[in-house]
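# Inside the fold
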Amino acid sequence: MARAFLVVLDSVGCGGAPDAADFGDEGANTLGHVIAACAQGQAQDGRSGPLQVPVLDALGLGAAVRLASGMATPGLAAPPSGLWGAATETSRGKDTPSGHWELAGVPVPWDWTYFPRQVPAFPPDLVAQICALAGTDGILGNCHAAGIPIVRDLGAQHLRTGWPICYTSADSVLQIAAHEDAFGLARLHKLCADLAPLLHAMRVGRVIARPFAGSEAAGFTRTPNRRDFAMPPPAPTLCDWVQGAGGQVHAVGKISDIFSGQGITHQHKGQGDGALFDHFLRLLADTGDGSLTFCNFVEFDTLYGHTRDVSGYARALERFDKIAAQALARLRQGDMLVITADHGNDPTAPGTDHTRERVPVLVAGYGAGQIGQCAFADVAASIAAHLGVPAQGPGRSFLP
């Protein structure tokens, strides 16, 4: 029997979304602009020269960028040896749940609730509920913000007051940051878990616990003990399809959180993408027939996209290219590997938020060929076809 590996490079979009202007993201192109910056010598921190991703380019990465957006890809011109294309999202969002659910065959059937950019961002009744559950007299933040800067700016005040730092973004999300020791990790997780049903009823997709450590003198750093409390998918996803057919589903990184554990047999977490890469490579050797391994590698997004670090984004792509080489060497006869993304986060764009983009779809295990333009949900349909599992979503298989 076959196996399938679905790898989501978080935020590695390739431009060209037809409705990007509706999201304020016209012209955004995460991969295209990173490639251009490298070629122009503008991404020299910790690396130099054109973007070096020969393995991904051979699978069709450069071709996918050109197809999606028409943008040139200097230094990426290899003739593709895998199936390649670019996928367009139909869900009305540029967030993690929308992208992952639709890649797993279930487009979001509703409009998410987003908090306004005004300060305060959260309504008084929600603030009162947070305070009641946290046992505090107030909250800090109450605005749109990026996670690393707001902890840097408000960490000392948080230690003095004990108030949680609450913020949001262009996503449908409430994030709560608190000191892992002074506030308490278990207390933070419980606060977010208790708030999640209220936020989900409002059609807010996620409540995210963002613990951090450190001091005002030494500085503050986020710890790896983040937890996402996400709304469950509205219908069975690829994970459920595979599990229902008797296959095991391995979730690497935050996949289990994104799907609220639905359809997940085993979850594999770690401190950073390096540990998650180790899980991925191990599972290539260990998983059984009929299994799905579903991975999210988040640091493209969290460390380099939101912080608008072009050099860091390029380094992360070059680092993963080496992992991709090891993965291809470990594939068995009959395996299928899909490398894609869930949205964009153009590190050259204004602000700190995700960007609405198409995403590359690179497939190993079926020889060379062009998928062309496809839908996110086609990824799920194609993996289901490969595994011999009935597909229940709107997607169509692009397999030859």
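Residues numbered from 1 in each chain as written. Predicted model: local features only at pLDDT ≥ 70, side-chain atom pairs only at ≥ 80, totals over all residues. Heavy atoms only, no water.

## What to know about the overall build of the protein chain
Secondary structure summary: the protein chain contains 13 helices and 14 strands in total. Taken over the C-alpha trace, the protein chain has a radius of gyration of 20 Å; the compact-globule value for 400 residues is 21 Å, and the two agree within 12%. For the protein chain, the spread of C-alpha atoms along the three principal axes comes to 60 × 50 × 40 Å. By residue count, 61% of the 400 residues in the protein chain fall in the buried class. Long-range pairs, those at least 24 residues apart, make up 68% of the contacts in the protein chain with a sequence separation of at least 6. Carbon and sulfur atoms make up 52% of the accessible area of the protein chain, which totals about 14400 Å². Counting 28 positive and 37 negative side-chain charges, the protein chain places the averaged centre of each group 2 Å from the other. (Helix = DSSP H or I, 4+ residues; strand = E, 2+ residues; numbered from the N terminus. Rg over C-alpha atoms; globule rule 2.2 N^0.38 Å. Buried < 20%, exposed > 50% of the residue type's maximum accessible area, 1.4 Å probe, protein only. Contact = heavy atoms within 4.5 Å. Areas by Shrake-Rupley, 256 points an atom, 1.4 Å probe, with all protein chains shown as cover. Lys, Arg positive; Asp, Glu negative; His and termini not counted. Charge placed at Lys NZ, Arg CZ, Asp CG, Glu CD.)

## A word on the packing of aromatic side chains
The way to describe two aromatic rings as a pair is by their centre distance and the angle between their planes. The tally for this structure, following the rule as stated, stands at eleven aromatic pairs. For the ring pair F115 and F122, a centre distance of 4.8 Å and an interplane angle of 85° mean the geometry is edge-to-face. Considered together, F115 and F122 belong to a single accessibility category, that of buried residues. Ring geometry for F300 versus Y313: centroids 6.0 Å apart, planes at 45°, classification tilted. Residue F300 is found in helix α11 (residues 299-305), and its partner Y313 is found in helix α12 (residues 310-330); the two are separated by 13 residues along the sequence. Owing to a relative accessible area of 2%, F300 belongs among the buried residues under this scheme. If you follow R187 out to its NZ or CZ, it ends over the ring of F183, 3.9 Å from the centre. (Phe/Tyr/Trp six-rings, centres within 6.5 Å; stacked < 30°, edge-to-face > 60°. Lys NZ or Arg CZ within 6 Å of the ring centre and 35° of its normal.)

## With respect to the sheet that holds strand β14 (residues 369-375)
The sheet built from eight strands is open, its strands ordered β10-β9-β11-β1-β12-β13-β2-β14 with mixed pairing. On the outer flanks of this sheet lie β10 (266-268) and β14, each paired with one strand and no other. Each adjacent strand pair in this sheet contributes to an overall mean axis angle of 15°, direction not counted. The pairing of strand β2 (residues 83-88) with β14 spans six bridges and is classified as parallel. Its bridge partner being in β14, A86 is matched across the sheet by Q373. Sheet strands in contact with helix α13 (residues 376-387) are β1 (3-9), β2, β11 (292-297), β12 (335-340), β13 (359-364) and β14, and its direction is about 160° off that of β1. (Pairing = 2+ DSSP bridges. Axes fitted to C-alpha atoms, helices over the stretch in contact; angles between N-to-C directions.)

## What about the pairing of strand β3 (residues 140-144)?
Burial analysis of β3 places four of its five residues in the buried class, the great majority of the element. Relative to strand β4 (residues 165-168), β3 runs parallel, the two sharing four bridges. Counted as the bridge partner of C143 is Y167 from β4. Read from β3 through helix α6 (residues 147-161) to β4, the crossover connection turns out right-handed. (Right-handed = clockwise from strand over helix to strand, strands pointing away.)

## A look at the pairing of β2
The element β2 is extensively covered by neighbouring structure, given that six of its six residues are classed as buried. As paired elements, β2 and β13 share five bridges and run antiparallel to each other. Paired with A86 across the two strands is P360, which belongs to β13.

## Focus on the environment of A209
By the secondary structure assignment, A209 is in strand β6 (residues 206-215). Spatially, the C-alpha atom of A209 lies 25 Å from that of V106, the residues being 103 residues apart in sequence. In contact with A209, other than residues within four places in its own chain, are I176, L188, H189, C192, R226, R227 and F229.

## Quick notes on the packing of helix α1 (residues 30-39) against α12
Closest axis-to-axis distance for the α1/α12 pair is 10 Å, and the angle between their directions is 100°. Comparing the axis directions of α1 and α12 gives the class roughly perpendicular. Contacts from T30, L31, V34, A37 and C38 in α1 reach V310, Y313, A314 and L317 in α12. Residue classes in the contact of α1 with α12 are distributed as eight nonpolar, one polar and no charged. (Parallel < 35°, antiparallel > 145°, perpendicular 65-115°, else oblique. Nonpolar A, V, L, I, M, F, W, Y, C, P; charged D, E, K, R; others polar.)

## A closer look at unusual backbone geometry
For the bond from V119 to P120, the omega torsion is 5°, close enough to zero to count as cis. Despite not being glycine, S11 shows a phi value in the positive range, around 85°. Mapping S11 onto the fold places it in the loop between β1 and α1. On the accessibility criterion, S11 (0% relative accessible area) is buried. The backbone of R308 sits at a positive phi, close to 55°, despite the residue not being glycine. Inspection of the secondary structure puts R308 in the loop between α11 and α12. Of the residues examined, R308 reaches a relative accessible area of 17% and is grouped as buried.

## Brief notes about the layout of surface pockets
A water-sized probe, rolled over the atoms, reveals where empty space remains. When its volume is computed, the largest pocket comes out at roughly 640 Å³. Forming the boundary of the largest pocket are 26 residues, of which T223, P224, R226, G272 and V298 lie nearest the centre. When contributions to the lining of the largest pocket are tallied by element, the ones reaching two or more residues are α6, β6, β7 (219-222), α10 (273-286) and α11. Classifying every residue of the lining of the largest pocket gives eight nonpolar, nine polar and nine charged. (1 Å grid on protein atoms, 1.4 Å probe; cavity = no way out; pocket = protein on both sides within 12 Å on 5 of 7 lines; lining within 4 Å. Points joined across faces, edges and corners; volume = space filled by probe spheres on them.)

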